[in-house]
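The residues making up each chain are set out below.
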Amino acid sequence: MAHPRVDAILREARDAVAAAKSSADLEQVRVRFLGRQGVLTQLLRSLGGLAPEERPAVGAAANEAKRELEGLLEARLAGALEAERRAERARGRLDLTLPGRRPPRGALHPLTRVHDEIIAIFAGLGFSVVEGPEIETDYYNFEALNIPRDHPARDMQDTLYLSESTLLRTHTSPVQIRAMQAQRPPVRIIVPGKVYRRDVADMSHSPMFHQVEGLAVDRNITMGDLKGTLELFAREMFGRGSRIRFRPSFFPFTEPSAEVDVLCFVCRGDGCRLCKQGGWLEILGSGMVHPNVLKNVGYDPEEVTGWAFGMGIERIAMLKYGIDDLRLFFENDVRFLRQFA
Ligand code: DAH
């Protein structure tokens, strides 16, 4: 039921559909011919103005043209949309020629790094790692370590008591007792762990910090062994040129006792800000295990001797990395932590 006027419009519409390159183009064609102001729509609406004899033929032809055009548009639209979706996916696909995106990477906490390093150094010397409870009894934390009740040495460490006889350990030294009770000499252990003190946090104090205890007990162990071991430790920890010195000191569980300094690795002894012009940095306390301590665990001080030391992990890390505020370790500000990645 063709009609010349409708035929012309239909031909134009078919060409437009054929020329469309996208779903957006097809939509434009639909609006142009079938929209409210569209050519075919207008034609159908104007049928009333035609001569009565013309109306049926034009009307039928226009309706047929409308159906054909709707079918054409629908068929092309499905293909166009599919092609567009495929192109979209291709754009989002992995481009192997692009430089990779770096995933955010975590890193070990500086205290963990120093802890691991200390352990590795002593493990290399044949020491084994032992741990003990953070909740201790008065006996292990003090008594067995030759610190009797009411002894002024108890004031050296402000203690957080949980009850009359239990407390948060103030040092890792009680693990010396536990380890010696559990085995016969020779003993070569290293004891890392958390310790607690009744202190308010400031640049150099924290109610919780970390220590590493060292203990060697055997026949003929001397202070020379202690010195040699700590010299090696200092060289591994602070560099080949490191030197240490012993300063007489006092601890109830060692006799003699010494505090150990390492030659300031910044100024090499000349005096600088890090060593507060002293040229030396204190790194630990140590000494020969007191005969009373050996007796307390059932060892015979006439038969075996030993040395022990205790060092603060935070202190070593502060010296090694030039950190001047203890609180930085516990605030977990990534801007601080990132520097050790
Ligand atoms: N326990 C001591 C403290 O926390 C450190 C210490 C000193 C440990 C001498 C020892 C040692 O094993 O022999 O201050």
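The structure displayed is predicted, hence computed values, not measured ones.

### With respect to the domain arrangement of the chain
How big an interface is tends to be stated in terms of the accessible area lost upon association of its parts. Segmenting the chain into domains produces domain 1 (4–92) and domain 2 (110–340). Taking only C-alpha atoms into account, the centre of domain 1 sits 88 Å from that of domain 2.

### Digging into the sheet that holds strand β10 (residues 305–312)
Strand order in the open sheet made by the seven strands is β1-β5-β6-β10-β9-β8-β7, with mixed pairing throughout. The open sheet has two edge strands with one neighbour each: β1 (128–129) and β7 (244–251). For β1 and strand β5 (residues 187–196), the ladder comprises two bridges, and the chain directions are parallel. Opposite Val129, over in β5, you have Ile190 as the bridge partner. Packing of helix α8 (residues 223–238) onto the sheet brings it into contact with β7, β8 (254–263), β9 (280–289) and β10, and relative to β7 it is tilted by some 125 degrees.

### A few points about the pairing of strand β6 (residues 208–218)
Burial runs high along β6: 10 of the 11 residues are buried. Across 10 bridges, the pairing between β5 and β6 is antiparallel. If you follow Val191 over to β6, its bridge partner there is Glu213. With eight bridges connecting them, β6 and β10 associate as antiparallel partners. What sits directly across from Val217, in β10, is Gly306.

### What about the environment of Asp155?
Secondary-structure assignment places Asp155 in the loop between α6 (138–141) and β3 (160–161). Between the C-alpha atom of Asp155 and that of Asn296, which follows or precedes it by 141 residues, the distance is 22 Å.

### Focus on the side chain of Ser286
Considering the arrangement of structural elements, one finds Ser286 in strand β9. Among the residues examined, Ser286 registers a relative accessible area of 2% and is labelled buried.

### A few points about helix α7 (residues 174–182)
Every buried residue belonging to α7 is among Pro174, Val175, Gln176, Ile177, Ala179 and Met180, and all of these are buried. Taken together, the buried residues of α7 touch β2 (135–137), α6, β5, β6, α9 (291–296) and β10.

### With respect to the site of the ligand
In the neighbourhood of the ligand, 16 residues make up the surrounding shell, with His171, Ser173, Arg197, Gln211 and Glu213 lying closest. At 3.2 Å, a backbone N or O of Ala308 approaches an oxygen atom of the ligand. The protein chains hide 91% of the 360 Å² of surface that the ligand would expose on its own. At the level of elements, β6, β9 and β10 are the ones that each hand at least two residues to the shell around the ligand. For the shell around the ligand, the residue count by class is four nonpolar, 10 polar and two charged.

Scoring rules and cut-offs
- Residues numbered from 1 in each chain as written.
- Predicted model: local features only at pLDDT ≥ 70, side-chain atom pairs only at ≥ 80, totals over all residues.
- Heavy atoms only, no water.
- Domains from an automatic or database assignment.
- Pairing = 2+ DSSP bridges.
- Helix = DSSP H or I, 4+ residues; strand = E, 2+ residues; numbered from the N terminus.
- Contact = heavy atoms within 4.5 Å.
- Axes fitted to C-alpha atoms, helices over the stretch in contact; angles between N-to-C directions.
- Buried < 20%, exposed > 50% of the residue type's maximum accessible area, 1.4 Å probe, protein only.
- Near = heavy atom within 4 Å.
- Polar contact = N/O pair within 3.5 Å; in protein donor to acceptor, adjacent residues only side chain to side chain.
- Areas by Shrake-Rupley, 256 points an atom, 1.4 Å probe, with all protein chains shown as cover.
- Nonpolar A, V, L, I, M, F, W, Y, C, P; charged D, E, K, R; others polar.

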